[in-house]
Amino acid sequence: TAETEWLPPFDVSETENEIIVKAELPGMDVKDIDIALTDGLLTIKGERKLEKEDKKENYHRIERQFGSFSRGLNLGSMVKADGIEAAYKDGVLTVTLPKVEESKPKKIEVKS
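None of these values were measured; they are calculated from a predicted model.

### A few points about unusual backbone geometry
Its identity as a non-glycine residue notwithstanding, Asp-39 has a phi of 50°, on the positive side. Among the secondary structure elements, Asp-39 is positioned in the loop between strand E3 (33–38) and strand E4 (41–48). Although it is not a glycine, Asp-90 adopts a positive phi angle of roughly 55°. Turning to its location among the elements, Asp-90 is positioned in the loop between strand E6 (85–89) and strand E7 (92–98). Judged by relative accessible area, Asp-90 falls into the exposed class, the value being 74%.

### Quick word on the packing of aromatic side chains
Considering all chains together, one arrives at 0 aromatic pairs under this definition. Here the basic side chain of Arg-71 rests over the ring of Phe-10, its NZ or CZ set 4.6 Å away from the ring centre.

Scoring rules and cut-offs
- Residues numbered from 1 in each chain as written.
- Predicted model: local features only at pLDDT ≥ 70, side-chain atom pairs only at ≥ 80, totals over all residues.
- Heavy atoms only, no water.
- Helix = DSSP H or I, 4+ residues; strand = E, 2+ residues; numbered from the N terminus.
- Buried < 20%, exposed > 50% of the residue type's maximum accessible area, 1.4 Å probe, protein only.
- Phe/Tyr/Trp six-rings, centres within 6.5 Å; stacked < 30°, edge-to-face > 60°.
- Lys NZ or Arg CZ within 6 Å of the ring centre and 35° of its normal.

So, in structure tokens, the structure goes:
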């Protein structure tokens, strides 16, 4: 079976202080997942390998997707590069990216 590229589903949500990206990556090993943030572009890539067992097994149907994937999400200048956290549990990768503080108008007192 030839390995091809597949596209795992992603969910992107937002709270007051962070952007949260969740990706369904069942059956993957953490060492096969790469995450990078470059100029506001979050890239998640990896490879899910077809398990090969020693016993002779004739597949009649393979519906699960295997192979490499690469997904990019443009988050612009909304997130900080520092403080990004990633966790992988029960086949779901969660990447939490802190938002930059919006520039707030500074009140300037006029003295007389």
